Amino acid sequence: NSWASTAQEFAQDHCDKMNAIASGSVVVLGPGPGHPHSYYKLIRSILDREDIYIIGVCLGHQLLCQHNGMSIERLENPVHGFPVKSAPLVWKGVFEQAEDYYQRYNSLYVVPLGGKKTGIETVVENGQVTWAKGKNWFSTQFHPESVGTSCPKSFFNWPKRLLYNDSQWVITSG
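Described in the following lines is the structure provided in the data block. (Residues numbered from 1 in each chain as written. Predicted model: local features only at pLDDT ≥ 70, side-chain atom pairs only at ≥ 80, totals over all residues. Heavy atoms only, no water.)

This brings us to the overall build of the chain. Regarding its fold elements, the chain presents four helices and seven strands. Mapped from its N terminus to its C terminus, the chain presents α and β elements in the order α-β-α-β-α-β-β-β-β-β-α. Scored against the burial criterion, the 174 residues of the chain give a buried share of 48%. Within the chain, contacts between residues separated by at least 24 positions form 69% of all contacts whose residues are at least 6 apart in sequence. For the chain, the accessible surface area stands at approximately 9,100 Å², while carbon and sulfur atoms represent 51% of it. (Helix = DSSP H or I, 4+ residues; strand = E, 2+ residues; numbered from the N terminus. Buried < 20%, exposed > 50% of the residue type's maximum accessible area, 1.4 Å probe, protein only. Contact = heavy atoms within 4.5 Å. Areas by Shrake-Rupley, 256 points an atom, 1.4 Å probe, with all protein chains shown as cover.)

Right under this line is the structure:
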């Protein structure tokens, strides 16, 4: 399909730039379009780096989860422009509210792992991984930039603190 070929061409042209991301950087793997398979070649070189911090949004969430052993499936009924109430992983100073509204735009979803992978925390809602967190990354199926998300600034508390060298905000697993 056209998205896949465009993503592959982009990947061929930009792999060197992805490898040159500076240590300590915050990388946002943003929303689609497309399938995670189309972008994997472009970003696989940064997914295992522990010297950068990654936020995954929608497609970025799917990429990070797939890289960490979860599978991606097509939704029977795609969700585009629909706010849902969700409870994120609670991190002091980042996401502290118990529940809030988040906007969804997705045709694909992350299937939860049967067993737990060491160091990965997930929130599963309606059989879908909606939030995930690893040692130096977090991700969500939802869109912080959308008008239907009631707490968009919360998504950027963590990287903002990292960029201002506040070492107490460095994520540690466990």
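Secondary-structure assignment places glutamate 125 in strand β5 (residues 121–125). Lacking a salt bridge, the buried glutamate 125 has arginine 104 as its closest oppositely charged neighbour, with an N-O distance of 6.7 Å. Of note is the side chain of glutamate 125, whose polar atom sits 2.7 Å from the side chain of threonine 130. (Lys, Arg positive; Asp, Glu negative; His and termini not counted. Salt bridge = Lys/Arg side-chain N within 4 Å of Asp/Glu carboxyl O. Polar contact = N/O pair within 3.5 Å; in protein donor to acceptor, adjacent residues only side chain to side chain.)

This next bit is on the side chain of arginine 104. On the secondary structure map, arginine 104 appears in strand β4 (residues 100–111). Among the polar contacts made by the side chain of arginine 104, one reaches the side chain of asparagine 106 at a distance of 3.2 Å. Among the polar contacts made by the side chain of arginine 104, one reaches the side chain of glutamine 128 at a distance of 2.7 Å. Residue contacts for arginine 104: discarding those within four places in its chain leaves Leu75, Val79, His80, Gly81, Phe82, Val84, Gln128, Gln141 and Phe142.

A few words now on the sheet that holds β5. The strand order β1-β2-β7-β6-β5 describes an open sheet built from five strands, whose pairing is mixed. Each of the sheet's edge strands pairs with one partner strand only, and the pair in question is β1 (26–29) and β5. Between one strand axis and the next, the sheet turns through 15° on average, direction left out of account. Of the strand pairs in this sheet, β5 and strand β6 (residues 128–133) are connected by five bridges, and their pairing is antiparallel. The residue bridging valine 124 from the neighbouring strand is valine 129, located in β6. Packed onto the sheet, helix α2 (residues 36–47) meets β1 and β2 (53–57) and runs at close to 150° relative to β1. Relative to the sheet, helix α3 (residues 59–67) contacts β1, β2, β6 and β7 (137–140), its axis offset from that of β2 by approximately 120°. (Pairing = 2+ DSSP bridges. Axes fitted to C-alpha atoms, helices over the stretch in contact; angles between N-to-C directions.)

Okay, the nonpolar core next. Ranked by internal contacts, the top residues of the largest apolar core, which has 22 residues, are Val27, Leu29, Ile43, Ile46 and Ile54. With five residues, α2 is the single largest residue contributor to this core. (Core = buried A, V, L, I, M, F, W, Y, C linked by side-chain atoms within 4.5 Å.)

Another aspect to go through is the pattern of salt bridges. Counted by the stated rule, this structure contains three salt bridges. In this structure, arginine 49 engages aspartate 51 in a salt bridge whose closest nitrogen and oxygen atoms are separated by 2.9 Å. Overall, arginine 49 belongs to the buried group, its relative accessible area being 17%.

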